[in-house]
Amino acid sequence: DYITSTGNSVLSRVLDSISVDALLSALALAPGHTLERWQLMNILSKREASPSTSALEMRIARLRKKLASVGADSPSIKSLHKVGYTLCSVVVLV
């Protein structure tokens with residue numbers, strides 16, 4: 001079904017956008033601190049049935065692109081191998 005597959009695609013993009021925004025909010029609320037992977041996975045699990053580490057990495061990559069598109073310094077998010085992520089840019093939540 002074209003309608004069903006299109007609807008699922010739109011829903012998937014909306015949920016992905018919400019997940020990316022939730023990750024940004026969490027990182028912005030912990031400036032200068034590393035959020036561990038399990039903490040970020042916990043945030044994703046509130047929006048998805050069973051998120052994978054690759055799903056987290058994909059959303060962090062999208063978040064980096066989103067931040068770069070609004071002029072954030074690079075790296076906007078620093079990864080600590082097998083530990084977690086730190087937001088390196090100033091973000092004001094409104």
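Residues numbered from 1 in each chain as written. Predicted model: local features only at pLDDT ≥ 70, side-chain atom pairs only at ≥ 80, totals over all residues. Heavy atoms only, no water.

(A) How the structure looks around unusual backbone geometry. Backbone torsion omega between S74 and P75 reads 0°, so that peptide bond is classified as cis. By the element assignment, P75 lies in the loop between α3 (53-69) and β2 (77-80). Its identity as a non-glycine residue notwithstanding, K82 has a phi of 60°, on the positive side. Here K82 shows up in the loop between β2 and β3 (84-87). K82 gets classed as exposed once you look at its relative accessible area, which sits at 68%. (Helix = DSSP H or I, 4+ residues; strand = E, 2+ residues; numbered from the N terminus. Buried < 20%, exposed > 50% of the residue type's maximum accessible area, 1.4 Å probe, protein only.)

(B) Structural detail: the environment of L24. Note that L24 resides in helix α1 (residues 2-28). In sequence terms L24 and L67 are 43 residues apart; their C-alpha atoms lie 9.5 Å from each other. Sequence-distant contacts of L24, defined by excluding residues within four places in its chain, comprise L63, L67 and V91. (Contact = heavy atoms within 4.5 Å.)

(C) Focus on the packing of helix α2 (residues 37-45) against α3. Packing of α2 against α3 brings their axes to within 10 Å, and their N-to-C directions diverge by 90°. The orientation of α2 with respect to α3, classified from their angle, is roughly perpendicular. Contacts between α2 and α3 involve R37, L40, M41 and L44 on the former and, on the latter, T53, A55, L56, E57 and R59. In terms of residue class, the contact of α2 with α3 is built from 5 nonpolar, 1 polar and 3 charged. (Axes fitted to C-alpha atoms, helices over the stretch in contact; angles between N-to-C directions. Parallel < 35°, antiparallel > 145°, perpendicular 65-115°, else oblique. Nonpolar A, V, L, I, M, F, W, Y, C, P; charged D, E, K, R; others polar.)

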